[in-house]
Amino acid sequence: MKKIVSVLCAGAMMALCLTGCGGSASSSSAAASSSTAASSSSAAASASTEALSGTVATGGSTSMESVMAALQEAFLEVQPDVTVTYDPTGSGAGITGATDKTLDIGLSSRDLKDEEKEAGVSGTTVALDGIAIIVNNNNAVADLSLDQIAGIAKGEITNWSEVGGADAPIVLVGREAGSGTRDGFESIVGVEDECVYSQELTATGAVIAAVASNENAIGYASLSALDDTAKAVTVDGVACSEETVLDGTYKIQRPFVFVTNDSVEPSEAVQAFIDFATSADAADLIRAAGAVPVA
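In this report, the structure presented in the accompanying data block is examined. (Residues numbered from 1 in each chain as written. Predicted model: local features only at pLDDT ≥ 70, side-chain atom pairs only at ≥ 80, totals over all residues. Heavy atoms only, no water.)

The helix and strand inventory of the chain stands at eleven helices and twelve strands. Each of the 295 residues in the chain was classed as buried or not, and the buried ones make up 46%. Put simply, 75% of the contacts in the chain that link residues at least 6 apart link residues at least 24 apart. Accessible surface computed for the chain: about 13200 Å², of which carbon and sulfur atoms make up 51%. (Helix = DSSP H or I, 4+ residues; strand = E, 2+ residues; numbered from the N terminus. Buried < 20%, exposed > 50% of the residue type's maximum accessible area, 1.4 Å probe, protein only. Contact = heavy atoms within 4.5 Å. Areas by Shrake-Rupley, 256 points an atom, 1.4 Å probe, with all protein chains shown as cover.)

Let us look at the nonpolar core. Formed by 44 residues in total, the largest nonpolar core has its most connected members in Ile133, Leu144, Phe185 and Ile218. When contributions to this core are tallied by element, the ones reaching two or more residues are strand S4 (121-135), helix H6 (146-153), strand S6 (171-175), helix H7 (180-189), helix H8 (204-212) and strand S8 (217-222). If you tally residues by element for this core, the top one is S4, at six residues. Apart from the residues within four sequence positions on either side, Leu144 is in contact with Ile133, Ile149, Ile152, Val163, Ile218, Val233, Thr234, Val235 and Asp236. (Core = buried A, V, L, I, M, F, W, Y, C linked by side-chain atoms within 4.5 Å.)

The next point concerns unusual backbone geometry. One non-glycine residue, Lys101, adopts positive backbone phi at about 70°. Within the secondary structure, Lys101 sits in the loop between helix H4 (91-99) and strand S3 (105-108). Take Lys101: its relative accessible area is 51%, and that puts it in the exposed class. In the Ramachandran plot, Asp193 falls in the positive-phi region, its phi being about 65° despite a non-glycine side chain. Within the fold, Asp193 resides in the loop between H7 and strand S7 (199-201). Given the relative accessible area of 81%, Asp193 is considered exposed.

Right, let's talk about the pairing of strand S11 (residues 253-261) for a bit. Across the nine residues that make up S11, a large majority, seven, are buried. Pairing of S3 with S11 involves three bridges; the strand directions are antiparallel. Residue Ser108 lies in a different strand from S11, and its bridge partner there is Val257. In this sheet, S11 lies alongside S4 in antiparallel orientation, the contact comprising nine bridges. Looking across to S11, one finds that Thr124 is bridged to Phe258. (Pairing = 2+ DSSP bridges.)

Laid out in structure tokens, this is it:
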């Protein structure tokens, strides 16, 4: 408790100092950092203060990396003796880990399938995520319809000139089989088992890098992972953003899910982390990580 009070007092002193400064770029940057720290401290202060210890083993979705990093850091403020591990192995591996009890919490960036639920696991949605359709920054195409995206994915549209771009072949880059991002993209667009990929990569960051390095490439990536190295096109005129994901107007979206085994009673540390991640106070942390909070 003393530690939390000290962090909050320090944040308040910093805010007072920034108020007295001018509107310089450095002051704005410092204010943003102070705001993020204050959000983390607020979320941490609202969690249980009962001292716990142990390890919470999580793993799975690579798209959840930014969200998990934010939650891990903030949870550590209130439970410094609890270690939350994260192994980014893909959604399929996360669900398997929860099923075979090698993980306390499996991480999935898609809903559980019926057969997975029947195997004895349950899912808790902690956030929503838009799946952005990305192209190279030098690509003139700025908007695609769901039908055009489906046509590209199935190899029916093979040249950018067919969708208003340059006369150049389309190179489809996607994720490997078992990826939650791939499953979400293919199921929403309606192209399961029909995609004609030029490259299948094992991480969201790798897809973004491949599109950034090839002017003819198109791919998909989590909203939470986007950066300025590639361009997200609008889909049927709607941009991928927190607002459009939350109100449902952006159609290519999926949940971020904590997967747990029904036959295992979670330890106090595991339950505390789940409660923390799904609390309203974690919303700012999730938002800052680029996802859309649901609490």
